[in-house]
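The residues making up each chain are set out below.
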Amino acid sequence: TEPEIAPAPAPARSPLADRIVDTLIHRIGKDERAARKHDWLAATILTLRDEIIDKWMASTRQAHAAGAKRVYYLSLEFLIGRLLRDALSNLGRNAEVGDALAVLGVDLAEIEEIEPDAALGNGGLGRLAACFMESMATLDLPAYGYGIRYVNGMFRQRIDDGWQVELPETWLAHGNPWEFERRESAYFVGFGGEVIGNEVGHVHWKPAEAVEALAYDTPVVGWRGKRVNTLRLWSARAFDPIRLDAFNAGDHIGALAGQVRAESLVRVLYPSDSSAAGQELRLRQEYFFSSASIQDIVRRHVQYFGDIRTLPDKAAIQLNDTHPAVSVAELMRLLIDHHDLPFDEAWEITRKTFGYTNHTLLPEALESWPLPLFERLLPRHMQLIYAINGRVLREARKSDGMSDQAVAAISLIDENGERRVRMANLAFVGSHSVNGVAALHTALMKQTVFADLHRLYPARINNKTNGITPRRWLMDCNPGLTALVRDAIGAEFCDDTAKLQSLDSFSNDPSFRERFSGVKRSNKVGLSNFIGESMGLRLDPDALFDVQIKRVHEYKRQLLNIIETVALYDQIRSHPEEDWTPRVKIFAGKAASSYHNAKLIIKLANDVAKRVNSDPSVGGLLKVAFLPNYNVSLAERIIPAADLSEQISTAGMEASGTGNMKFALNGALTIGTLDGANIEIKEHVGDDNIVIFGLTADEVAAKRAGSYRPREVIEGSRELSQAVNAIASGVFSPDDPSRYRELMNGLYDHDWFMVAADFDAYTAAQRAVDARWADQAGWQAAAIRNVARVGWFSSDRTIGEYAREIWGVM
Ligand code: 26Y
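As the structure is a prediction and not an experimental result, all values here were calculated from the model.

How each quantity is defined
- Every chain's residues receive numbers from 1 upward, in the order its sequence appears when written.
- Totals for whole chains, interfaces and linings use all residues, but because this is a predicted model, local features are given only for residues with pLDDT of at least 70 and pairs of side-chain atoms are given and counted only at 80 or more.
- UniProt positions are given in the numbering used here, feature names are shortened, and annotations may be inferred rather than shown by experiment.
- In this description a helix means any DSSP run of H or I spanning at least four residues, a strand means any run of E spanning at least two, and both kinds are numbered starting from the N terminus.
- Every C-beta atom is placed from the backbone, and the number of other C-beta atoms within 10 Å of a residue's own sets its class: buried at 20 or more, exposed at 12 or fewer, partly exposed in between.
- Contact criterion: two residues are in contact if their C-beta atoms, reconstructed from the backbone, are within 7 Å.
- Note on definitions: a residue is near a molecule or strand provided its C-beta atom, placed from the backbone, lies within 6 Å of it.
- All amino acids are sorted into three groups, where Ala, Val, Leu, Ile, Met, Phe, Trp, Tyr, Cys and Pro are nonpolar, Asp, Glu, Lys and Arg are charged, and the leftover types, Gly among them, are polar.
- Boundary definitions for the domains trace back to an automatic or database domain assignment.
- Angles shown run from 0 to 180 degrees and are taken between the N-to-C directions of axes, each axis being a line fitted to C-alpha atoms and, for helices, limited to the stretch in contact.
- An angle below 35 degrees is read as roughly parallel, one above 145 as roughly antiparallel, one from 65 to 115 as roughly perpendicular, and any other as oblique.
- Less than a right angle of anticlockwise turn of the near helix away from the far helix marks a crossing as left-handed, whereas a clockwise turn marks it as right-handed.
- When DSSP finds two or more bridges between two strands, those strands count as paired.
- In this description, a nonpolar core means buried residues of the types Ala, Val, Leu, Ile, Met, Phe, Trp, Tyr and Cys, linked to one another by C-beta atoms lying within 7 Å.
- Here the expected span of a helix is defined as 1.5 Å times the quantity of residues minus one.
- Arc definition: it is the arc formed by the directions from the helix axis to the C-beta atoms.

S.K.: What am I meant to see in the UniProt feature "modified residue: N6-(pyridoxal phosphate)lysine" (unreviewed entry) in the protein here?
M.R.: Here, UniProt's "modified residue: N6-(pyridoxal phosphate)lysine" (unreviewed entry) annotation points to Lys662. Looking at the element boundaries, Lys662 is found in helix H25 (residues 659–665). Its 30 C-beta neighbours within 10 Å are what place Lys662 among the buried residues. Apart from the residues lying within four places of it in its own chain, the contact partners of Lys662 are Ile468, Trp473 and Ile639.

Below, the structure is given as structure tokens:
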């Protein structure tokens with residue numbers, strides 16, 4: 001018989017639970033019974049925020065009292081994701097808040113899940129900015145992030161019949177409980193008009209139109225809540241929200257035109273990370289946020305320190321790529337026109353204050369603006385850029401051995417064809433430091449895009465290899481692995497990921513390997529359940545999970561992976577008797593809405609998935625899944641469940657990559673090319689714990705310069721030609737057999753991304769992966785060594801280097 005058990009007394013409500021309920025009632029206006037999940041989420045965030053505010057103010061006061069130098073990170077993108085879990089765990093309040101909510105009948109994990117992602121960025125560059133913000137707070141650096149409060153961030157991706165469809169993402173639909181509107185911090189930002197006065201006398205810019213920039217602040221909590229910094233995002237509004245004269249005259253729409261114009265500035269994130277938009281709205285966005293940020297920085301400096309000439313001692317401004325590069329001209333304008341400094345002094349202050357980070361060498365992503373457009377929108381800045389250019393070119397001509405060609409390459413104005421303003425050159429000459437984001441990338445910067453500028457300013461280019469925050473990308477997204485590691489080596493790694501090193505010897509411990517693979521398996525079960533529920537695809541958690549998740553771009557070569565998948569599919573079908581490794585190929589990623597080939601590659605992945613997944617003859621040996629709407633939260637789900645990390649860009653083209661670091665930290669093995677940070681990951685984990693294949697950057701350059709004939713390569717490889725021909729002839733697209741003909745013809749004709757050239761090496765590497773997988777003990781040991789040896793790729797290490805070597809704040 002069942003023993004009789006008295007019902008447990010309802011646990012008493014903690015003061016924290018009372019505060020959450022109080023917030024719910026008084027700030028959301030709901031009682032407990034009427035509250036829905038979103039109300040609980042908002043009440044929890046607001047309660048937590050109230051507690052954060054004290055630390056926030058203490059951080060500001062402390063920086064002020066110390067007269068500290070501040071860091072300003074200017075970025076058009078911050079790809080933050082969800083904030084609640086991150087903030088809770090950084091404050092060490094997870095359990096406490098979870099318990100308080102449980103007493104109220106609310107599941108913390110459930111409400112964490114409905115927080116919308118703040119997706120104010122495209123990909124790597126925006127996510128890096130978010131990791132950096134967290135690390136700057138963790139390292140107790142007084143720092144501000146500046147960006148735009150887009151109403152619509154990164155689009156939501158739906159897959160309709162295999163095709164990407166872009167939908168607006170409305171992350172602000174339920175309000176944003178994290179942010180504070182700062183009505184007192186508003187700035188005038190002008191556009192167009194004319195410049196009055198001349199170089200000698202006092203110059204004054206009279207803009208033809210203006211908007212007001214309005215600040216919204218979000219707290220950024222560092223690890224252990226040591227410090228809380230500010231992410232300040234600008235919104236825009238018209239000075240006269242409504243023109244009453246026009247309204248009264250019956251022009252109801254025209255009366256609101258100013259407001260609409262202002263709002264259009266902050267409406268959308270440009271969803272491309274590969275080809276510069278070149279549109280007026282983009283330049284307006286760049287200037288809008290640069291001007292507001294620089295005005296804010298200058299105002300704060302003058303208010304705290306009195307003398308604008310000490311700016312470089314008290315402010316370090318980092319430009320996240322060239323998107324905020326017009327800030328260089330904006331600071332010059334404020335120093336000269338508003339603070340009456342002579343040009344030379346203003347130039348010295350400017351250069352000492354700015355640093356510039358380059359994130360891409362792709363020529364089509366290098367920003368430049370048609371001169372007439374720039375001049376019309378920013379006439380005073382155009383003058384200043386001419387003046388800066390005059391100085392730089394004089395220096396260049398004086399320097400030994402500068403050819404006319406080199407001088408032309410250094411010029412801020414591109415004179416080939418339509419004249420354009422080169423933003424990378426402006427950022428370069430306006431900064432005391434120019435950095436790349438991985439060793440190879442930095443070396444290539446010196447050899448290619450910036451070769452002549454590097455000769456003129458040889459001390460300026462430096463490397464800062466990227467990193468990721470281990471809080472979000474290990475401790476928060478992979479609690480199972482975190483607990484296991486803590487049991488094995490203690491908790492010190494939570495404060496210093498270099499300490500993960502002590503895990504290394506555990507790779508030889510069979511019982512630890514067992515537990516390690518148990519954690520991985522349970523993460524895989526979790527992901528399988530998610531995929532089962534969301535897309536109705538059943539996966540075997542014991543198969544090898546082979547993952548490529550990132551923006552879809554030809555240089556990242558999802559196509560190489562898909563073609564190899566087709567070849568493997570073919571092999572399995574023709575040799576079913578062989579001992580194939582069961583694999584799940586997982587893809588996710590968005591394509592820029594105007595990028596035809598990238599969208600076609602998404603369709604191809606889906607077409608291949610459809611065919612392979614419904615073919616009983618491959619049994620459970622191969623499955624393909626394209627997960628829709630890749631974002632930060634989905635990455636947090638997938639990465640802990642990955643066995644194999646695909647980092648297969650054409651060598652020389654991926655500046656760094658940061659996904660590669662996240663996978664390794666979560667115990668996946670990398671299959672990759674010698675590109676970006678893969679090279680440094682290989683140096684850290686050791687040659688035996690990574691699978692490298694393919695052409696080097698030098699070999700790619702040589703092939704491109706020489707006589708590379710992809711057609712011969714394809715025809716020379718039976719597996720490759722079979723796969724390419726199958727795709728080209730419509731085997732995967734029976735409803736439209738010619739769908740992929742052009743895409744495949746591109747491989748035959750030029751193959752810029754070396755898919756054919758690297759195919760055989762890639763296939764061989766994949767078969768080597770199969771062999772390694774068969775030796776589970778060896779695989780787990782290598783995976784453990786990855787975790788133990790990639791602590792160096794923490795963004796704390798990266799930010800420490802920026803702080804000491806660029807910003808002078810540590
Ligand atoms: C001008 C506009 C079209 C544009 C917008 C966004 C151009 C580029 C971008 C974003 C580039 C980007 O995300 N680059 C990535 O930066 C990461 C962080 O440094 C690198 O890890 C990654 O290799 C690089 O592609």
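There is more to say, and it comes next.
S.K.: Mind showing me how you'd approach the site of the ligand here?
M.R.: Close to the ligand lie 22 residues; Gly124, Leu125, Asp273, Ala655 and Ser656 are nearest. Residue composition of the shell around the ligand, by class: 7 nonpolar, 12 polar and 3 charged. Composition of the shell around the ligand by domain shows at least three residues from each of domain 2 (67–82 + 117–466 + 800–807) and domain 3 (522–786).

S.K.: Hey, could you run me through unusual backbone geometry in this one?
M.R.: Most peptide bonds take the trans form, and the phi angle of most residues other than glycine is negative. Although it is not a glycine, Asp751 sits at a positive phi angle of roughly 50°. Note on placement: Asp751 falls in the loop between helix H30 (741–749) and helix H31 (755–774). Overall, the presence of 22 C-beta atoms within 10 Å leaves Asp751 in the buried class. Despite not being glycine, Met754 has its phi angle at roughly 65°, a positive value. If you trace the backbone, Met754 turns up in the loop between H30 and H31.

S.K.: Would you mind showing me how to read the packing of helix H29 (residues 718–728) against H30 here?
M.R.: Helix-helix packing is characterised by the crossing angle of the two axes and by the distance between the axes. At their nearest, the axes of H29 and H30 sit 8 Å apart, and the two run at 150° to each other. The orientation of H29 with respect to H30, classified from their angle, is roughly antiparallel. Crossing hand, H29 versus H30: left-handed. Counting all contacts with H29, which are made through Val724, Ile727 and Ala728, the residues of H30 involved are Arg741, Met744 and Leu747. Among the residues making up the contact of H29 with H30, the classes are represented as 5 nonpolar, no polar and 1 charged.

S.K.: Just to check I follow, could you spell out the domain arrangement of the protein for this structure?
M.R.: Interfaces are frequently sized by the accessible area removed from exposure as the parts join. For the protein, the domain assignment lists domain 1 (7–66 + 84–116), domain 2 (67–82 + 117–466 + 800–807) and domain 3 (522–786). Centre-to-centre separation of domain 2 and domain 3, based on C-alpha positions: 36 Å. Counting from both sides, the interface comprises 34 residues of domain 2 and, opposite them, 30 residues of domain 3. Only strand S2 (78–81), helix H6 (124–138), strand S5 (156–160), strand S6 (163–167) and helix H17 (439–447) provide two or more residues apiece to the side of domain 2 that touches domain 3. Of the residues in the side of domain 2 that touches domain 3, the class split is 12 nonpolar, 15 polar and 7 charged.

S.K.: Before we go on, may I ask you to explain the sheet that holds strand S21 (residues 622–627) in this structure?
M.R.: Adjacent strands of a sheet pair through backbone hydrogen bonds, lying either parallel or antiparallel. With parallel pairing, 6 strands are arranged side by side in an open sheet as S21-S20-S19-S22-S23-S24. Of all strands in the sheet, those with a lone pairing partner are S21 and strand S24 (691–692), marking the two edges. In this fold helix H22 (residues 558–574) packs onto strand S19 (544–549), strand S20 (583–588), S21 and strand S22 (644–647), with an angle of close to 155° to the strand it touches most, S21. Most of the contacts of helix H23 (residues 596–613) go to S21, to which it runs at about 145°, and overall it touches S20 and S21.

S.K.: Got a minute to help me understand the pairing of strand S1 (residues 70–74) in this structure?
M.R.: Each regular strand shows side chains that alternate between the opposite faces of the sheet. The buried fraction of S1 is high, at 5 of 5 residues. Alternating positions in S1 separate into two faces, Arg70, Tyr72 and Leu74 on one and Val71 and Tyr73 on the other, with burial throughout. The pairing of S1 with strand S12 (residues 315–320) spans 5 bridges and is parallel. For Tyr72, the partnering residue across the bridge sits in S12 and is Ile317. Pairing between S1 and strand S4 (residues 143–148): 4 bridges, direction parallel. Its bridge partner lying in S4, Tyr73 is registered against Gly145.

S.K.: Which parts of the structure should I look at to understand the nonpolar core?
M.R.: Counting 236 residues, the largest nonpolar core has Tyr72, Trp234, Phe288, Ile563 and Ile638 as the members making the most contacts within it. In terms of residues, this core owes the most to one element, H6, which gives 9 residues. Not counting residues within four places of it along the chain, the set of residues in contact with Phe288 comprises Val189, Val211, Ala213, Trp234, Ala236 and Leu265.

S.K.: Just checking my understanding: could you explain H6 for this structure?
M.R.: Residues separated by three or four positions in an α-helix point in the same direction, a consequence of the helix having 3.6 residues per turn. Given a rise of 1.5 Å per residue, 15 residues ought to cover 21 Å, and the 21 Å separating the end C-alpha atoms of H6 matches this to within 8%. In terms of residue burial, H6 counts as a mostly covered element, since 15 of its 15 residues are buried. Immediately beyond the C-terminal end of H6, within one or two residues, lies Asp140, with a positive phi of roughly 65°.

S.K.: Would you take a moment to explain helix H20 (residues 479–489) for this structure?
M.R.: Residues of H20 that are buried include every one of Leu481, Thr482, Leu484 and Val485, and no others. Along the long axis of H20, the arc covered by the buried residues comes to 165°, so they all point the same way. Residues Ala483 and Asp487 are exposed on H20 and point more than 90 degrees away from its buried face. Positive phi shows up at Gly490, right after H20, with a value of about 85°.

S.K.: Sorry if this is basic, but what is going on with the packing of H6 against helix H33 (residues 795–807) here?
M.R.: The N-to-C vectors of H6 and H33 enclose an angle of 75°; their axes lie 9 Å apart at closest approach. When the interaxial angle is binned, H6 and H33 end up roughly perpendicular. Here H6 contributes Cys131, Phe132, Ser135, Met136 and Thr138 to the contact with H33, which in turn contributes Ser795, Asp796 and Ile799. Among the residues forming the contact of H6 with H33, the class breakdown is 4 nonpolar, 3 polar and 1 charged.

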